[in-house]
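Take a look at the letters that make up each chain.
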Amino acid sequence: MLFRIERMRRDLLPGVWRVEEGSFAEPYPRWYFRALLEVSDFFYVALVEEGVAGYAVASREGDLLRILSIAVLPPFRRKGIGGALLSRILDEGKAIGLKGAILEAEVGNEAAKALYRSLGFAECGVRAGYYGSGRDAIVFRLNFQGAPDKKPFTSSMDPY
Ligand SMILES: CC(C)(COP(=O)(O)OP(=O)(O)OC[C@H]1O[C@@H](n2cnc3c(N)ncnc32)[C@H](O)[C@@H]1OP(=O)(O)O)[C@@H](O)C(=O)NCCC(=O)NCCS
């Protein structure tokens, strides 16, 4: 599968909406991606021919990257696209001297958890009810090489 990773652009918004709405039962609203396009330095898409097959977006929080969302259209999954998108964002973070990255995944989201582990993320805590009542999130953290490790936390502690 030939794909390429490019920075997000305004003309690709409809493609990102398609990926989001084809990936999540409760997608983010369209305005959210329009807003992220204005403010995020870490917003990438995977293009197959000229169509958007996936996207990943992150924000900077102090010396950490927070991965806000990632999704790949179902027919294009398990082809390395999610890993390539996330790796691109992590490389950007490293290049500007950030210390690591943090993200959440729903407890039962096996694909996402496997993807994050494959990139070196480790579980560091749980956020009870993060996705709604009875739907907990596992918090994952990756420390970039050379950055000091942090102790695991419980849901009552700050993951930073
Ligand atoms: C999670 C998601 C982005 C992964 O994207 P992807 O393009 O399929 O991921 P990749 O092909 O790069 O997978 C890289 C590795 O992650 C792991 N992985 C990914 N999907 C997996 C699955 N369904 N089951 C087990 N392992 C999986 C594997 O180790 C895989 O490597 P391999 O294919 O060589 O075994 C995709 O499944 C998706 O869009 N899910 C719906 C949206 C979502 O849940 N987003 C995350 C919210 S926290």
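Residues numbered from 1 in each chain as written. Predicted model: local features only at pLDDT ≥ 70, side-chain atom pairs only at ≥ 80, totals over all residues.

Take the overall build of the chain next. Tallying secondary structure elements over the chain gives four helices and seven strands in all. For the chain, whose C-alpha radius of gyration is 15 Å, the value lies close to the compact-globule estimate of 15 Å for 160 residues. In terms of its C-alpha atoms, the chain occupies a principal-axis envelope of roughly 45 × 35 × 30 Å. By residue count, 31% of the 160 residues in the chain fall in the buried class. Counting contacts in the chain only where the partners sit at least 6 residues apart, residues at least 24 apart contribute 59% of the total. (Helix = DSSP H or I, 4+ residues; strand = E, 2+ residues; numbered from the N terminus. Rg over C-alpha atoms; globule rule 2.2 N^0.38 Å. Buried ≥ 20, exposed ≤ 12 C-beta atoms within 10 Å, placed from the backbone. Contact = placed C-beta atoms within 7 Å.)

Next up on the list: the nonpolar core. In this structure, Tyr55, Ala56, Leu85 and Ile89 are the most contacted members of the largest nonpolar core, which totals 41 residues. Setting aside residues no more than four positions away along its own chain, Leu85 makes contact with Ile5, Tyr44, Ala46, Gly54, Tyr55, Ala56 and Ile70. (Core = buried A, V, L, I, M, F, W, Y, C linked by C-beta atoms within 7 Å.)

Atom-level detail of predicted coordinates should not be read off regions where pLDDT is low. Overall, the predicted model of the chain reaches an average pLDDT of 92, with 91% of residues at or above 70. Ignoring residues within four places in sequence, the model shows residues 151-158, a span with pLDDT below 50, making 11 contacts including any to other chains. (pLDDT = per-residue confidence, 0-100.)

This part takes up the site of the ligand. Near the ligand you find 19 residues, and of these Arg77, Gly82, Gly83, Ala111 and Ala114 are the closest. Looking at the shell around the ligand, the elements with two or more residues in it are strand S4 (64-72), helix H3 (81-95) and helix H4 (110-118). Among the elements that take part in the shell around the ligand, H4 stands out by supplying six residues, more than any other. Taken together, the residues of the shell around the ligand sort by class into nine nonpolar, six polar and four charged. (Near = placed C-beta within 6 Å. Nonpolar A, V, L, I, M, F, W, Y, C, P; charged D, E, K, R; others polar.)

Although it is not a glycine, Glu49 sits at a positive phi angle of roughly 50 degrees. Within the secondary structure, Glu49 sits in the loop between strand S2 (42-48) and strand S3 (51-61). Looking at Glu49, the number of C-beta atoms within 10 Å reads 8, which means it is exposed. At Arg78, a position not held by glycine, the phi torsion is positive, near 60 degrees.

The next subject is the environment of Gly82. Turning to its location among the elements, Gly82 is positioned in helix H3. In this structure Gly82 touches Gly54, Ile70, Val72 and Leu115, once residues within four positions along its chain are discounted.

All right, on to the sheet that holds strand S6 (residues 122-127) then. A sheet is described by the order of its strands in space; here seven strands give the open sequence S1-S2-S3-S4-S5-S7-S6, paired in mixed fashion. Looking at which strands have only one partner, the edges of the open sheet turn out to be strand S1 (4-7) and S6. Each strand axis lies, on average, 30 degrees off the axis of its neighbour in the sheet, ignoring direction. Sheet analysis places strand S5 (residues 100-106) next to strand S7 (residues 137-143), joined by seven bridges and oriented antiparallel. Across the sheet, the residue bridging to Glu106 is Ala137, located in S7. Packed on one face of the sheet, H4 meets S5 and S7 and runs near 160 degrees to S5. (Pairing = 2+ DSSP bridges. Axes fitted to C-alpha atoms, helices over the stretch in contact; angles between N-to-C directions.)

In the sheet, S2 pairs with S3 via seven bridges, with the strands oriented antiparallel. Bridge assignment links Val45 to a residue of S3, and that residue is Tyr55. A loop of two residues connects S2 with S3, the two strands running antiparallel in sequence, and Glu49 in this loop sits at a positive phi of about 50 degrees. Sheet analysis places S3 next to S4, joined by eight bridges and oriented antiparallel. Looking at the pairing, Arg60 lines up with Leu65 of S4. Where S3 folds back onto S4 in an antiparallel hairpin, the turn is made up of two residues, including Gly62, whose phi is positive at roughly 60 degrees.

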